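# Summary of the model geometry
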Amino acid sequence: MLTDADLEVNVLEFRHRTFQFERLADLADGPYAVFTRTETETERQLRPRLLHLTVVVPLAWVVLDSEADVLRVGRTAATVGNPTEIAAEPSEFEEDGRSWRRAAAGPAGYVYAPAERADALLAAAGRSALGLA
């Protein structure tokens, strides 16, 4: 089991990006780790927007890859495909053998959640419980 220190000093590698640990949220089905990242929408635009990305993952799924000094969702570190701009990413995809869903979070943000739990997590009550409302 990861400690708070493990979460705070390491970044999560997800979708060819790194995310910083934000907080833990205790929900009915267990604790979730919330990771965030801010990046520009695209460098090709004259005035790119800042995008706020959030990954919500059950804490039990987060593992420390001590060789690479990063956190991962699962043990195989199998990120499929090449890095793409957020707008080009599919709304449903697979990462390390698990299905994920990406949903808009306001005008300049997205939340990634496990597909099997996405309906509950991305609903208004779920977002509020996670501190995303």
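The notes below deal with the structure included here.

Of all the residues in helix α2 (residues 115-122), the buried ones are Ala 115, Ala 118, Leu 121 and Leu 122. What you see down the axis of α2 is that its buried residues fit within an arc of 90°, all on one side. The exposed set on the far side of α2, more than 90 degrees from its buried face, consists of Glu 116, Asp 119 and Ala 120.

In this model, Arg 15 sits at a positive phi of 55°, which is unusual for a non-glycine residue. Within the element layout of this structure, Arg 15 appears in the loop between β1 (12-14) and β2 (17-27). Take Arg 15: its relative accessible area is 10%, and that puts it in the buried class. The backbone phi angle of Asp 69 is positive, close to 55°, even though this residue is not glycine.

Cut-offs and rules
- Residues numbered from 1 in each chain as written.
- Predicted model: local features only at pLDDT ≥ 70, side-chain atom pairs only at ≥ 80, totals over all residues.
- Heavy atoms only, no water.
- Buried < 20%, exposed > 50% of the residue type's maximum accessible area, 1.4 Å probe, protein only.
- Helix = DSSP H or I, 4+ residues; strand = E, 2+ residues; numbered from the N terminus.
- Arc of directions from axis to C-beta.

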